[in-house]
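Observations on the three-dimensional arrangement
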Amino acid sequence: SDSLMVGPVGPDGSVWFHTPSTVVRLFEDVWLRHTPEDGAIDGRVRSLVRSQDGSIWAVGAHQDMGAAARFEGGRWQIYTEEDGVIDTPERMLATRDGALWVMGKHAGASAVSRFGGTSWQRFDSEQGLGGVGGVGVGYEASDGTVWFGAWGGKDMGAGLHRFDATARAGRRWTHSTAQVGNPAWLGAAGG
């Protein structure tokens, strides 16, 4: 392919890649292509990541919905918006606690979804995620908190959003935006 993007190394030593439309891997000098006929997602593939349990995840679209697909034990399991995945997934982050985060947009605004092992939870503007451009980056800090960067104009709530799974339910999200607790460098960067 002219658009081959590198992904993670699988637990079996295979190297995973994706193109805009499919997932491929190199295993023992043999190229293996994963298609919808094999159970992989049938739409655009945006990103690949390996989670803490060794599963390979792909994010993109399936049957015209936002989707995340997990390859484990030689087969794919697909999760869509109906399961709680955001409608426009772009990137993923696997965290040390075993969770998988999907970042992007939902209903036209910044949003993320978190898979905790059995089910998905979607976080969007109701939890305070701002910005209309989407969530484009995620990072796990050494203390286990997860940070997300949302863009779309500082007057629309773009900024940094931190999730702390150990905090009480109402205090799990904190924000640094142009309006709330804005670090000087965030304002200087234009949100």
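Up top you'll find the structure we're talking about.
Conventions used here
- Residues numbered from 1 in each chain as written.
- Predicted model: local features only at pLDDT ≥ 70, side-chain atom pairs only at ≥ 80, totals over all residues.
- Heavy atoms only, no water.
- Helix = DSSP H or I, 4+ residues; strand = E, 2+ residues; numbered from the N terminus.
- Buried < 20%, exposed > 50% of the residue type's maximum accessible area, 1.4 Å probe, protein only.
- Contact = heavy atoms within 4.5 Å.
- Polar contact = N/O pair within 3.5 Å; in protein donor to acceptor, adjacent residues only side chain to side chain.
- Pairing = 2+ DSSP bridges.
- Axes fitted to C-alpha atoms, helices over the stretch in contact; angles between N-to-C directions.

Before going further, it helps to examine the environment of Trp101. With respect to the secondary-structure elements, Trp101 resides in strand β10 (residues 100-106). Trp101 sits in the buried class, given a relative accessible area of 1%. Along the primary structure Trp101 and Gly138 are separated by 37 residues, whereas in three dimensions their C-alpha atoms are 8.4 Å apart. Contact partners of Trp101, with chain neighbours within four places excluded, come to Arg91, Met92, Leu93, Thr95, Val112, Ser113, Arg114, Phe123, Val146, Phe148, Phe163 and Trp173.

Time to look at the environment of Trp16. Position of Trp16 relative to the elements: it lies in strand β2 (residues 15-18). Given a relative accessible area of 2%, Trp16 falls into the buried group. Taking the C-alpha atoms as reference points, Trp16 and Leu48, separated by 32 residues in sequence, lie 7.8 Å from one another. The contact partners of Trp16, leaving out residues within four places of it in the chain, are Val6, Gly7, Pro8, Gly10, Val23, Val24, Arg25, His34, Leu48, Ile56, Phe71 and Trp76. Among the polar contacts listed, one links the side chain of Trp16 to the side chain of Ser14, at a separation of 3.2 Å.

Another point: the sheet that holds strand β5 (residues 45-50). Spatially, four strands are ordered β5-β6-β7-β8 in an open sheet, and the strand pairing comes out antiparallel. One side of each edge strand has no neighbouring strand; the edge strands of this open sheet are β5 and β8 (75-80). Between one strand axis and the next, the sheet turns by 25 degrees as a mean value, whatever way the strands run. Pairing of β5 with strand β6 (residues 56-62) involves five bridges; the strand directions are antiparallel. Bridging across to β6, Arg50 finds its partner in Ile56.

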